[in-house]
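Spelled out from the first residue to the last, the chains are:
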Amino acid sequence: AAIVPTVAMPVFLLIAFSGSFSAITDLPLFPTDNILNWVAPYAILQGASFAGVGASQAVAADLENGFYDRLLMSPASRLSLLLGPITSALVRSLLPFVTVTTIAVAGGARFEGGVLGVVSLFVAAEGIAIIAALWGLGVVYRLRTQRSGTLVSVGVFIALFLSVGQVPLTVMVGWLHGVARVNPITNLLRMARQGLIGEVTWAQTWPGLLVIAGGIALFGLFAVSGLRRINEE
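Just so it is clear, the model here is predicted, and its values are computed rather than measured.

The rules behind these values
Residues numbered from 1 in each chain as written. Predicted model: local features only at pLDDT ≥ 70, side-chain atom pairs only at ≥ 80, totals over all residues. Heavy atoms only, no water. Helix = DSSP H or I, 4+ residues; strand = E, 2+ residues; numbered from the N terminus. Rg over C-alpha atoms; globule rule 2.2 N^0.38 Å. Buried < 20%, exposed > 50% of the residue type's maximum accessible area, 1.4 Å probe, protein only. Contact = heavy atoms within 4.5 Å. Lys, Arg positive; Asp, Glu negative; His and termini not counted. Charge placed at Lys NZ, Arg CZ, Asp CG, Glu CD. Phe/Tyr/Trp six-rings, centres within 6.5 Å; stacked < 30°, edge-to-face > 60°. Lys NZ or Arg CZ within 6 Å of the ring centre and 35° of its normal.

**Student:** Sorry if this is basic, but what is going on with the overall build of the protein chain here?
**Tutor:** Assigned secondary structure in the protein chain consists of 10 helices and 0 strands. Written out in order from the N terminus, the α and β elements of the protein chain read α-α-α-α-α-α-α-α-α-α. For 233 residues, the compact-globule estimate of 2.2 N^0.38 gives 17 Å, and the C-alpha radius of gyration of the protein chain, at 18 Å, lies within 12% of that figure. Each of the three principal axes of the protein chain carries a C-alpha extent, and together these read 60 × 35 × 30 Å. Per-residue burial for the protein chain yields a buried fraction of 48% across its 233 residues. Restricting the contact set of the protein chain to residue pairs at least 6 apart, pairs at least 24 apart contribute 77%. Charge-centre separation for the protein chain: the mean point of 12 positive side chains lies 8 Å from the mean point of 10 negative side chains.

**Student:** Please explain the packing of aromatic side chains as it appears in this structure.
**Tutor:** Ring pairs (aromatic) are described by centroid distance and by the angle formed between their planes. Summed over all chains, the structure comprises 8 aromatic pairs. When the centroid spacing of 5.5 Å and the interplanar angle of 80° are considered together, the rings of F17 and F21 count as edge-to-face. For F21, a relative accessible area of 25% corresponds to the partly exposed category. Between F157 and F161, the ring centres sit 5.6 Å apart and the planes meet at 15°, which makes this aromatic pair stacked. You can see F157 and its partner F161 sitting in helix α7 (residues 148-161), 4 residues apart, about one turn around the helix. Taken together through their ring pairs, the aromatic side chains of F17, F21 and Y42 make up a single cluster. Residue placement shows R193 over the ring face of W38; its charged tip is 3.6 Å from the ring centre.

Given below as structure tokens:
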């Protein structure tokens, strides 16, 4: 139950979007002629984010059944209570990364940026997994129920959906263009996608790294403050 969403969903997105959006590569100035090169990073980041959500929901289950109280009574550092789920998210995110990459390459996707393209995609996937886990933990520590999973998942899904996940900014119109342009996930996707649609450059990399650092700092504080509430009660 914890693993299937991180693999089945991104594989479904890869197949569904590469089929339904395949003709978009015929548009002038579209950055690649291979739709898999465009869709695969989005599917991987979606799976990695749900790996983070799954890690936070494991904590929600422990809070509901009382097991987390034992952890709070132990002499272990409170930092370890955060690092445990984050480490779990990092490991789980390897599943969609390896699975979707393998299927995409088998289907014809190519890393134009070589090894650096693989590295930039991997860093983006691990980064969003950490951010999603911290966001989920912050919510879980406050609501302390597995029902919080809906809120956490919807937040992650909306952030990814209202970005350049499906199409580039040049194709968007109306309010979606404005939202995607300022959405931090757009820069993260640019970093993840660059090695599949061209060469890896610092100009496309540093905004994504900034999003990861800022997301970890912001949602890290959110998660830490939630954990402190539990400790004080």
